[in-house]
Structure formats: structure tokens, C-alpha cells
Amino acid sequence: MKNKTLIIIVTIAATAAALSLGIYQKRTHQINASLLQIEQLMYERPDSAWKILQHMPSISQLRKEEQALHALLFTQAQYKNYIPVKSDSLLQIAEAYYRTSSDSLHKAWTLFYLAQYYRDSDEKEKALSYFQQANIASRNIENNQFKFLLNLHWANLLSDEDAENKGIEKYQTANKYAILLKDTLKQIDLYGQWGWCCLLTGKYDCADSLFNMGLKLSTSSKMTYYNYLLNCLSLTAREKKDYKRALELVNRSLSLAKDSTELYPLWNNKGEILLEMNQYDSAHFYLSKDTRDYDPYFKATHYLNWSIYEEKIKNLPKALEYSKRYAELLDTIYQKRLESKVVNLQHKYDYSLIQSENKLLKIKRQRLYISLTAICMAVLTVAVIFFYKRREEKRKLAEQMRSKDDLMKEMRLQLQEKTIDLHAAQEKIIEKEMALDKELSQREKMRSEYSSKEAAMRKEILRHSEIIRKMEQLNKMSQQDKIQSRSVVLSDEEQDNLAEVINICYNNFTDRLWKKFPTLTKADISLCCLIKIGISNSNMLYLLDTSKVALKKRKNRLKHDKMGMDENDSLDEFIMEF
């Protein structure tokens, strides 16, 4: 009876396990089939693929293989439906799986979309690295569609990074795959993007050629790209200052446009052309028709164009107002981009935080064991060191106490010797001070005699100078005679002689003055010499044949402009002490 019961229990358990395994395998098969169907649907109906993906089970409930494919398709659907990808967390899941997988195609797509994400996040170096890795991963796969997209987006990024030659090489490779695909629309799109990059980098002839090649492929004016390429050609002609051709091309494009989506950029382009042609009324008409304000970049272009327009018609207040709006909007755009980068960084941080939590727990345990061991070792080491140092300190203290008396005796003997030496040194210093005072007294006497002789010699030299004779003549004259007489006026030769005499009498006065102030003229030196020998301002008027106002101006110019003195400084005192 017991055996039968055991057999029944084992049979029921085995049946339940088999049913569970079957259900799990069936569910896994269904999920795999669904993901493969979504992948096939992605190329033709990306919007439908996106809706289906949103109703799929949570990615955490899937196996690693399913998680990787789901993460890749989810990101791919976002890009194909023009939905901003705000985090690379899903792509990181796909990359972690496909890095070691033999599935080269999905690995290449994952790396490609990582490059797209980092390009949109303005991390250009990372984007270029992932484009390179995607290219390496795609070497062994035959998928011209992928290789076309890879080289096209890679070329656009290289052109943005000023790597023009490499960019052109990638555009040419993309063109080769577009031809292999026999897809005219892809070729036209390629020529449009390639030409646009040339236009932005100032290669207008190259841009013109590429836009024309795209236009030739757009044989029917009903094709979507035909109108766009006409407008691009118009922009190129405008940059080349060929306004007549630019106007002709934009008018052709306007005649083919069907709705406001196409008309707005054409009106704006035509308005800018007419503005550059100085046809202000027409420019105003077409610029006014472009009412796009749902995008900050459109608004910025709008404000910039109106600023240029108002400036050209000389309405400067209005031009300034639009310029301010333009600058404020640029600041807002920059702030939004900065906030977006901060949000992206926060997402990355949160993801990395979740990934590293388990590792941190293990590391914390290891660190705890290591810390406890280290603490025990440290305590033991500190105890040994403390005991050793304590014993050493006691030994050193005993030695110090023993040697203290000997040291004190030795210091007393040294102190006595040094006291005797100090008394002897003091006596020598007193003798030297007495000898020095005697010598200083003799030198002071000699200096006084020399100064007296120098003053007498200077007085004697000046007495024979022409300036003294003229000063004596001036003192004897009446005021009227001083005004009418020309004989007292110093000639150029007399001024030169005066400068030489003053130079001799006052320790190279004029040479030193000229060296310190090289911009001084001979007239300035003559004026300084007169001040040096104490000639009054009233006598200077007659000696230099000038007026009181002119003399004052000369002194001020000499003081401020040539000698760099402050208002409160005295020119006469400076010259007398120089």
C-alpha cells in the first residue's frame, strides 16, 4: 500500500514537471516567434512594431537572449518612429549579451544604435568608437541595407567633426551599397545629406554638384525629394551670391509644394534671398508667411531674420529687440540641452548604481573581514610598539639623569671661560669704537672743508657765467627797460653754456636729468638749470622771453607729461634736490 502511494506521488510530480517544462518551452517558443515577427515587421511598418513591443511582457521576465533581442528591437523602433532615446540602458543589456555571441548581425545593429545614441548625446568620441566597432562586426555579414545606413550616418558624424576626407570616403561606400540595393530613394537621400554637409562646410560647388545628381535621379517632380533638392540648390546659389538663380530655383520649388510643411521653409528661404537682394517689402511679405513657432530653432531663425531685416531698414530699436530675443532663445536652447545631458547622466548613473549594488555587497563583506583582521593586527602592533617605546623611554630617562650632573659641571667651566673671553672682547670693542669715532670726526671735517671748497668753486664758476652778468643787468634795469630790452634774453648758445656750467657745478646735473627723463628737450633742460640756480619766475620771463602764462604751462607740461609727477609735488623742490 505504501509503495503504491509512493508510485502515485512520483508519477504526479513527474507529470507536473513535464507539464511545467512544456508550458515554459511553449511560452519561450511563442516569445521568440513574436520577436522575430516584430523584427521582420520593423522595416515595413515600424509604427506597428512599436505598438506590439509596448504590449510585450516585462524584459525582466525574459531569458537573456530574449532580453537582448527585445532591448535591440525596442531601441530600433524608437529611432524608426523618431522617438527620442533618453537612455542607453536597454542597449547596454543587448551589448552585454551580443559581445560574446556568434550573432554578428544583431551585434552590429546593437553597436550601430549605441553609436547613434552617443552621437545624439553629443558624445562624439564614443559615437565614432562604436561606429568603428559596428563596422568590424559587420565584415562577415551580407546585409547591404545595414552597411548603407552605417556608412551614411558615420559619414555625417565625420563631416561634423571636420574629418572631411574620411567622411567623403564613407559617403562613397554608402553610395556603393545604395547602388547594390538598386534603391533610387536611398541614393537621392544620400546625395541630399552629402550635399548638405558640403554646404555647411562651405564647399558650395561640391554641394551644387551633389544636389544636381540627386535631382537627376528624381526624374519625376512628384517625388518627395524633388522639392527638397530644389530648395537645397537654391540655398547653395544664395551662398554663392547668385541670387537670380537662387530665386528661380525657390520659385520652382514653391510652384510644386503642396502643403504648409513644404511651403514654410521655402517662404523663409525666399524671404532671406530677397532680404540679401535688398528688396525689403517682398522680403517682409515672405518672412511674415513663415509662422513656425513650435520649435525653438525655428523661433531663433525667425528672430535672427527679423533682426537683420529691421537693421537693413534702419529701424535699429526693433533690430535690437529681435537680437535680444534671439540671444535669450539661444540661452534657453543651451539650458535645455544642458538639462537633457544632466538627465541622461542621471539615467546612466541610476543604471550603473543598480548594476553595481550586488558587487558592492560582496565587496563590503570582503572588506569587513579584511578590516577586522587589519584592526586586530593594528592593535597588536600598536601594543608591541607602545611597550617597546615605553621601555626605551625609561632607559633614556635614566641615562639622561646620570649624565645631567656631568653636563652641568662642564657647562659651569665653559661659562667661566666664555665670561673671561667676553670681557676681553668688550675691551677690544671699546678701543675700536674710540678709533672709529676719531676717524669719523676727521672725515666729517674733511667733508665740510670739501663742501666749502666746492661751494666756493661753484660760486666762482657761476660768477664768470653769462647768466650772472645778465642777472646783474636785470637788477639794475627798471621794469619798463626789462620789458623793452632784448639784451637780457638768453641765446641758444648761452643756454647750452649754462647747461654745461650747471653740469660741472652740480655733479653732472644735466646728464643725470636727461638719463632719467630721456624725453626732455634742450629748452626743458635750460628751464631746469634756471630753477637749479634759484632764478625767480619773474626773472625767467625776461631771460627766456616768454609770458607768465606760457611759463606756467611749460612748467606744468614738464612736471606732469615728461616727469610724471603728481599734482601735489613741487617741481622747484624736486629740481633743487635732484
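Residues numbered from 1 in each chain as written. Predicted model: local features only at pLDDT ≥ 70, side-chain atom pairs only at ≥ 80, totals over all residues. Heavy atoms only, no water.

Novice: Talk me through helix 5 (residues 104-120); I want residue IDs and the actual numbers.
Specialist: One turn of an α-helix holds 3.6 residues; hence residues three or four places apart share an orientation. Taking 1.5 Å of rise per residue, the 17 residues of helix 5 would be expected to cover 24 Å, and the 24 Å separating its terminal C-alpha atoms lies within 8% of that figure. Most of helix 5 is tucked away, with twelve of its 17 residues classed as buried. Considered for burial, the residues of helix 5 that qualify are His106, Ala108, Trp109, Thr110, Leu111, Phe112, Tyr113, Leu114, Ala115, Gln116, Tyr117 and Tyr118. Positioned one or two residues after helix 5, aspartate 122 has a phi angle of 65 degrees, which is positive. (Helix = DSSP H or I, 4+ residues; strand = E, 2+ residues; numbered from the N terminus. Expected span 1.5 Å × (residues − 1). Buried < 20%, exposed > 50% of the residue type's maximum accessible area, 1.4 Å probe, protein only.)

Novice: Any chance you could break down the packing of aromatic side chains for me, citing the residues and the numbers?
Specialist: Enumeration over the complete set of coordinates arrives at 16 aromatic pairs. Note on phenylalanine 574 and phenylalanine 578: the rings are 5.6 Å apart at their centroids and 45 degrees apart in plane angle, and the pair reads as tilted. Looking at phenylalanine 574, the relative accessible area reads 23%, which means it is partly exposed. Under the relative-accessibility criterion, phenylalanine 578 is labelled buried at 18%. The rings of Tyr79, Trp109, Phe112, Tyr113, Phe131, Phe146 and Trp154 are connected pair by pair, giving a single aromatic cluster. Against the face of tyrosine 177 rests lysine 176, its NZ or CZ located 4.9 Å from the ring centre. (Phe/Tyr/Trp six-rings, centres within 6.5 Å; stacked < 30°, edge-to-face > 60°. Lys NZ or Arg CZ within 6 Å of the ring centre and 35° of its normal.)

Novice: An account of a negative patch on the surface is needed here, citing residue identities and associated values.
Specialist: A contiguous patch of negative charge, built from Asp492, Glu493, Asp496 and Glu500, is present on the exposed surface. Residue classification places glutamate 493 among the exposed residues on the basis of a relative accessible area of 58%. (Patch = residues over 30% accessible without salt bridge, like charges linked within 9 Å, V, L, I, M, F, W, Y side chains within 5 Å. Areas by Shrake-Rupley, 256 points an atom, 1.4 Å probe, with all protein chains shown as cover. Salt bridge = Lys/Arg side-chain N within 4 Å of Asp/Glu carboxyl O. Lys, Arg positive; Asp, Glu negative; His and termini not counted. Charge placed at Lys NZ, Arg CZ, Asp CG, Glu CD.)

Novice: Got a sec to walk through the side chain of asparagine 175? Specific residues and values, please.
Specialist: Tracing the sequence through the fold places asparagine 175 in helix 8 (residues 164-181). Once residues lying within four places of it in the same chain are set aside, the contact partners of asparagine 175 are Gln187, Leu190 and Tyr191. (Contact = heavy atoms within 4.5 Å.)

Novice: Please provide a residue-by-residue account of unusual backbone geometry, values included.
Specialist: With glycine set apart, most residues show a phi of negative sign, and most peptide bonds adopt trans. The backbone phi angle of asparagine 507 is positive, close to 55 degrees, even though this residue is not glycine. You can see asparagine 507 is positioned in the loop between helix 19 (492-505) and helix 20 (509-516). For asparagine 507, a relative accessible area of 55% gives the class exposed. Its identity is not glycine, yet aspartate 545 carries a phi of approximately 55 degrees, on the positive side. Mapped onto the fold, aspartate 545 is located in the loop between helix 22 (537-543) and helix 23 (548-562).

Novice: Account for the pattern of salt bridges, naming residues and giving values.
Specialist: Enumeration over the complete set of coordinates arrives at 16 salt bridges. Between aspartate 208 and arginine 245 there is a salt bridge, and its shortest N-O distance comes to 3.0 Å. On the criterion of sequence distance, the pair formed by aspartate 208 in helix 10 (residues 204-217) and arginine 245 in helix 12 (residues 243-256) is long-range, its members being 37 residues apart. One network of salt bridges, in which partners are shared, links Arg238, Glu272 and Glu276.

The quantities given are spatial measurements derived from coordinates; they are silent on function.
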